[in-house]
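# Observations on chain architecture
What follows is each chain in one-letter form.
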Amino acid sequence: MAVRKVLKHSAWIAYKDLLEFSRSRMRLVMLILMPLFMMVMIGYMFPSGNTLKHTPVAIANLDEGYNNTSYGETFMAQLEMVNDKTDMMDLHKVDDYEAIKTRIQDGEVNGGIIIPANFSKALATGERGEITIITDQSNPQLSMTLQGILTATIDQMGTQKAMGTLNITYNVSMNSTMATIKPYKVQTRGIVPGNPNYFEFIAPGMMAMVVMMSLMTGLPHAISYEKDIGTMDGLLVAPISRLSIILGKVMAQTTLGMVQGLLILVLAMALFGVVVYGSILLVILLLLLIVFSFVGLGILITSFTDNEQTASMIMMTLMFPMMFMSGVFFPLQQMPWFMQYIARCLPLTYATSAMRKVVVLGADMPSIMTEVTILLVFGVVMLAIAVPMFKKAMSR
Amino acid sequence: MEEYAIETKELTKVFGDFVSVDHVSFKVRTGEVFGFLGPNGAGKTTTIRMLCTLSRPTEGSATVAGYDIVKQDGKVRENIGLVSEKMIMYDQLTARENLKIFGKLYDIPDDILKQRVDELLGLVRMEKWADNRIGTFSTGMKQRINVIRTLINRPKILFLDEPTLGLDPQSSREIRDIIQKINEENGTTIILTTHMMEEADRLSDRVAIIDKGKIVALDTPANLKKMVSGSDTTVLELDIPNLSEAIIAGLRSLPDVRAVSTTEETRIKVQAKGENAFDDIVDAVRKAGGKIRTVKNLEPTLEDVFLHITGREVREQVMDKVQERGHKHGPGPRAGSHSRGR
């Protein structure tokens, strides 16, 4: 009976909150725009693999030739041919290393290639021709990618050259040249069909994050706002349980968070070609579990804050590490070891991981049991701390 | 029904090292209008918040409607209504929605609630605006809804913290009429804090004058005023066309003058003690070169009572609060009058 009353009162408070929300056109628009912005922004912002386009690269051909043949010229022509197909680079011819250096310093190019003076001589006399790649250390991410691409391209050009040489010089049939030079062939395959794309990587994490945010920022905000405008007194002076107030707010924020979370899923599927391989029902249940595990933390922050400003500050401090360290945007394995330890303490890490397994890998309940257990325990512990704190904070 | 709606015993609230309410004991009879009079920071609001269960007393105890405010806070809440300094309403919702949602928190069944909402809207003649959003209302209209919101659960005891602060004279009058009506027709006990002497005087059956966390006087307005007129205190209003600082300073230096305040540009109010007070005042004004046009012997007001007891005025400290509420309608009462206490 008492429980029913608490629930009934909280439903009315939730109804009130959502009604207020729906009356504000601006907030409605933001509810939809926020996930859309996040999706588009983050999806395109982070470099996804080797998708360089028109990266300016300086190339200096210092080759002096040998016996009237210039393998440097041949190499340049070949590189340009390859590049014409892929458009990865914009090649700028320069005179020497100094010119490349200046251009990198001026920010005109992102890297350089040097064909040394003895290039033709080395090749003609049975030695290996050396190519130097100059990187822009001020942009490590891009340098890495560029380095990878250039190495692969040049390597492939080398292979082709070798195949030609084998065929002509040793009369090996064209078909078996490849098997001679590169006897191993690598094939990559995922456990679900399709190529991985970055949206598939971030969408599950973002769903978890948006739901978390709605509770961690939305809840303290909703309550401190009512305190500031004075309406909280009206709720507190009514003969309802303090639990109804917080529960009502949780219900309203959960609704908004779920709407945003599912919106991200829909956007990811409709606009960015993300496919959910697991069950949608499991995705929704998982979102609700994330709500549960963060409710306590949200309430705890609420109990510590007496006005909106403090609430915002505390939330900002907590949110950023959570966002960036829990593997939503970057894989955990790329972080240094101590960051990985911190990440393992963040519940969002498990939320993201579970969500990713279900959405991308089509995992079912048993595969995400560890994550689910951790989230459940975290939620229970946080609530056990937060509820008494909140009750105390409300009767000052 | 209990004889006393409210009983407090040594009620105390301390914030840090500031004693806001200092061992206050009083009783409010069922059905009476009980006024709290005092400057800002005197502890009026804190007292009300404790009685409404919004704030826990540091020491002492109190019962409201027969229930302990700490141990039986739920029971207390069922029996009270509160108009606090900030309006308790949601701007994005309509008047009717606001009333309905608060009604729902009191578990009032739908049919009764609907009827009651209409009845209350009728009481303040706001039926026409029932489905408009609160945010579009003037301060006066908002306050009318805010007051009837507290009546949704038919409270036995109604707490009104500065219900007319920042309202225009007409809205203030309407709010006062409603308060009186509620008290007379429903027998609701009303606790009222106000800075308007006239309001406290007219509405309250008894007035408690509170200063620095302590009740310094508690009686009917008439009896309180007798404290001033019964003693040998004289309250004079002088109209001096060439009023100057020198005249005021001259008056202040008189041993029998308790307080001097300017009411209008050329008028001052003087409170003085002793048989020769009248002569001394007139002499002092003349000596400072002042020409007296008229002299009026004033009936003491509650303001004078406060002045008499504490030696300070209530009004000056109230002005910032009006600005704080800062609504678009109606300037604060007696804005622009500046006064000097001793």
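Here we summarise the structure given alongside this text. Per chain, residue numbering runs from 1 following the sequence as it is written. For naming, the first written chain is A and the first written ligand is 1, with later ones following in the order written. Totals for whole chains, interfaces and linings use all residues, but because this is a predicted model, local features are given only for residues with pLDDT of at least 70 and pairs of side-chain atoms are given and counted only at 80 or more.

With that settled, consider the overall build of chain B. Under the scheme used here, helices are H or I runs from DSSP no shorter than 4 residues and strands are E runs no shorter than 2 residues, and both carry numbers assigned from the N terminus. Of the regular secondary structure elements, chain B holds 12 helices and 14 strands. Put simply, the radius of gyration uses C-alpha atoms, and a globule should come to 2.2 Å times the residue count raised to 0.38. Here chain B has a C-alpha radius of gyration of 22 Å; the compact-globule value for 342 residues is 20 Å, and the two agree. Dimensions of chain B along its principal axes, counting C-alpha atoms only, are 75 × 45 × 40 Å. Across the 342 residues that make up chain B, the buried fraction comes to 49%. The contact criterion used is a C-beta to C-beta distance within 7 Å, with each C-beta placed from the backbone. A separation threshold of at least 6 residues defines the contact pool for chain B, and within that pool the share at least 24 residues apart is 73%. The burial label depends on the number of other C-beta atoms within 10 Å of a residue's C-beta. Counts of 20 or more mean buried, 12 or fewer mean exposed, and intermediate counts mean partly exposed, with C-beta atoms placed from the backbone.

All names here are of chain A. Along the chain, Ala311 falls in helix α13 (residues 308-325). For the pair Ala311 and Ile301, spaced 10 residues apart in sequence, the C-alpha separation works out to 7.2 Å. Non-local contacts of Ala311, meaning those with residues more than four positions away in its chain, are made with Pro220, His221, Ser224, Ile301 and Thr305.

Most of helix α11 (residues 302-310) of chain B sits out of view: 7 of its 9 residues are buried. If you check which residues of α11(B) are buried, you get B:Leu302, B:Glu303, B:Asp304, B:Val305, B:Phe306, B:Leu307 and B:His308.

All names here are of chain B. Sheet architecture is open: 4 strands sit in the order β2-β1-β4-β5, paired in antiparallel fashion. Two strands in the sheet have a free side with no partner beyond their single neighbour: β2 (18-29) and β5 (67-68). In the sheet, strand β4 (residues 59-64) pairs with β5 via 2 bridges, with the strands oriented antiparallel. Opposite Thr63, over in β5, you have Asp68 as the bridge partner. Note on geometry: axes are lines fitted to C-alpha atoms, helical ones only across the stretch in contact, with angles between N-to-C directions running from 0 to 180 degrees. Packed onto the sheet, helix α1 (residues 44-51) meets β1 (4-15), β2 and β4 and runs at close to 120° relative to β1. The criterion for strand pairing is that DSSP finds at least two bridges linking the strands in question.

So, on to the pairing of strand β10 (residues 214-219) of chain B. Where a strand is regular, its side chains alternate between the two sheet faces. All names here are of chain B. The sheet contact formed by strand β9 (residues 206-211) and β10 spans 5 bridges and is antiparallel. Opposite Val207, over in β10, you have Asp219 as the bridge partner. Turn length for the β9-β10 hairpin, with the two strands adjacent in sequence and antiparallel, is 2 residues, and the turn residue Lys212 shows positive phi of about 50°.

Side chains of a nonpolar character, in soluble globular proteins, are inclined to be buried together. By definition, a nonpolar core groups buried Ala, Val, Leu, Ile, Met, Phe, Trp, Tyr and Cys residues that connect through C-beta atoms lying within 7 Å of each other. In terms of nonpolar packing, the biggest core is built from 156 residues, with A:Ala203, A:Met207, A:Met212, A:Ile290, B:Val64, B:Phe159 and B:Ile191 touching the most fellow members. With 14 residues, the single largest contributor to this core is helix α8 (residues 198-216) of chain A. Excluding residues within four positions of it along the chain, A:Met212 makes contact with A:Ile290, A:Phe294, A:Leu348 and A:Ala351. Ranked by size, the runner-up nonpolar core spans 21 residues in total, among them A:Val57, A:Leu79, A:Met88 and A:Met89.

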